[in-house]
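Summary of structural features
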Amino acid sequence: MAGNTVAVVDYGMGNLRSVSQAVQAAAAGEGVDVIVTSDPAQVRAATRVVLPGQGAMPDCMRELRDSGLLESVLEAAASKPLFGVCVGMQMLLDRSAETRSGDAGGTTPGLGLIAGEVLRFELQGRTQPDGSRYKVPQMGWNRVAQQQPGGHRHPVWGEVPDQSWFYFVHSFYARPSDQRHSAGLTEYGETFTCAIARDNIFATQFHPEKSAAHGLALYRNFLHWNP
């Protein structure tokens, strides 16, 4: 596999169709080949990797292991640009408060690639500024602040303006242990991290593939990012 190739990882979970279509749209005319693959060898051969995720994190972690793709994803995260999306972002952290249905307490281990945890929104009985109650899962558009500690801005944001709108669907949110790994902030009941980054990894809680032109721009920037 030669040239600039991005592998969208198909491990049986995630919003695979819309993610892959958006990445393909972003890659059009950019000299980038996009493959959707469940083959670990193709993930290893690609120059960059997109890890989607949708649904419950325990199911995503199980399917990633059972698919045989876990090791190739960990290798990619150690050596090449990787973009995690939604639960694909949450999986990068140490652990999540989301557990299998019926399990009391405990946590679900993540991949441990970025120190931190995934927490559940606790917004019961609280009202938004317009007087309506907060709903969980959050479903809708939020502005995203692109600041990082020290005033830095991650290069994958590229030409996307600060405070642009992105689309979210989630009941859990990330809390990285080191705020240097927070690459984007938004608000829903409280301010929380909605984009994380470390070295060659960039990931978002929101769905770029559902976020119109700014989302496509993020994927396009990722396709040419050389950390």
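Scroll up to find the structure this text is about.
**Quick look at the overall build of the protein**
Secondary structure assignment for the protein yields six helices and 13 strands. What you see for the protein is a C-alpha radius of gyration of 17 Å, in line with the 17 Å of a compact globule of 227 residues. In terms of overall dimensions, the protein has a C-alpha envelope of 55 × 40 × 30 Å along the principal axes. Expressed as a percentage of the 227 residues in the protein, the buried residues total 52%.

**Observations concerning the packing of aromatic side chains**
Throughout the structure, instances matching the rule amount to 15 aromatic pairs. Relative to Phe 192, the ring of Tyr 173 lies with its centre 5.5 Å away and its plane at 50°, an arrangement referred to as tilted. Pair noted here: Tyr 173 is in strand β10 (residues 172-176) and Phe 192 is in strand β12 (residues 191-198), with a separation of 19 residues, a long-range link. Tyr 173 gets classed as buried once you look at its relative accessible area, which sits at 6%. Through a chain of ring-to-ring contacts, three or more aromatic side chains come together here, namely Phe 83, Trp 157, Phe 166, Phe 168, Phe 202, Phe 206, Tyr 219, Phe 222 and Trp 225. Geometry around Phe 222 places Arg 48 over its ring, the cationic atom sitting 5.8 Å from the centre.

**Considerations on the side chain of Ser 182**
Tracing the backbone through its elements, the reader meets Ser 182 in strand β11 (residues 182-187). Residue classification places Ser 182 among the buried residues on the basis of a relative accessible area of 3%. For Ser 182, the side chain forms a polar contact with the side chain of Thr 193, separated by 2.9 Å. Look past the residues within four positions of Ser 182 in its chain and what remains in contact with it is Gln 147, Gln 148, Pro 149, Pro 176, Thr 193 and Ala 195.

**Some words on the pattern of salt bridges**
Inspection of the entire model under this criterion finds six salt bridges. A salt bridge links Asp 199 to Arg 198; the shortest N-O distance between them is 2.7 Å. Residue classification places Arg 198 among the partly exposed positions, given a relative accessible area of 25%. One salt-bridge network, held together by shared partners, links Asp 59, Arg 62 and Glu 63.

**Brief notes about helix α4 (residues 70-79)**
Turning to α4, its buried residues are Leu 70, Ser 72, Val 73, Ala 76 and Ala 77. Seen from one end, α4 has its buried residues packed into an arc of 165°, which puts them on one side. Opposite its buried face, α4 presents the exposed residues Ala 78 and Ser 79, each directed more than 90 degrees away. Those residues of α4 hidden inside the fold are in contact with β1 (4-9), α2 (40-45), β3 (48-51), α3 (57-66), β4 (82-85) and β13 (201-204).

**Regarding the environment of Pro 40**
The topology assignment puts Pro 40 in helix α2. For the pair Pro 40 and Ser 72, spaced 32 residues apart in sequence, the C-alpha to C-alpha distance is 5.5 Å. Leaving out residues up to four positions away in the same chain, Pro 40 has contacts with Gly 68, Leu 69 and Ser 72.

**Observations concerning the nonpolar core**
If you look at the biggest cluster of nonpolar residues, it comprises 69 residues, and the most contacted ones within it are Tyr 11, Val 50, Met 91, Leu 92 and Phe 202. Here the element with the most residues in this core is helix α1 (residues 16-27); it accounts for six residues. Here Leu 92 is in contact with Leu 51, Leu 82, Leu 111, Gly 112, Leu 113, Ile 114, Ile 196, Ile 201 and Ala 203, once residues within four sequence places are set aside.

**Considerations on α3**
Those residues of α3 not exposed but buried are Met 57, Pro 58, Cys 60, Met 61 and Leu 64. Down the axis of α3, the smallest arc covering the buried residues is 165°, so these residues share one side. The secondary structure elements touched by the buried residues of α3 are α4, α5 (87-90), β5 (95-96) and β6 (108-109).

**Side note on the pairing of strand β9 (residues 164-170)**
Burial analysis of β9 places five of its seven residues in the buried class, the great majority of the element. Summarising the sheet, strand β8 (residues 138-144) and β9 pair through seven bridges and their orientation is antiparallel. Residue pairing across strands places Val 144 opposite Ser 164, the latter belonging to β9.

**Regarding the side chain of Thr 193**
Its location among the elements puts Thr 193 in strand β12. Taking relative accessible area as the criterion, Thr 193 reaches 5% and is therefore assigned buried.

So, how was this worked out
- Residues numbered from 1 in each chain as written.
- Predicted model: local features only at pLDDT ≥ 70, side-chain atom pairs only at ≥ 80, totals over all residues.
- Heavy atoms only, no water.
- Helix = DSSP H or I, 4+ residues; strand = E, 2+ residues; numbered from the N terminus.
- Rg over C-alpha atoms; globule rule 2.2 N^0.38 Å.
- Buried < 20%, exposed > 50% of the residue type's maximum accessible area, 1.4 Å probe, protein only.
- Phe/Tyr/Trp six-rings, centres within 6.5 Å; stacked < 30°, edge-to-face > 60°.
- Lys NZ or Arg CZ within 6 Å of the ring centre and 35° of its normal.
- Polar contact = N/O pair within 3.5 Å; in protein donor to acceptor, adjacent residues only side chain to side chain.
- Contact = heavy atoms within 4.5 Å.
- Salt bridge = Lys/Arg side-chain N within 4 Å of Asp/Glu carboxyl O.
- Arc of directions from axis to C-beta.
- Core = buried A, V, L, I, M, F, W, Y, C linked by side-chain atoms within 4.5 Å.
- Pairing = 2+ DSSP bridges.

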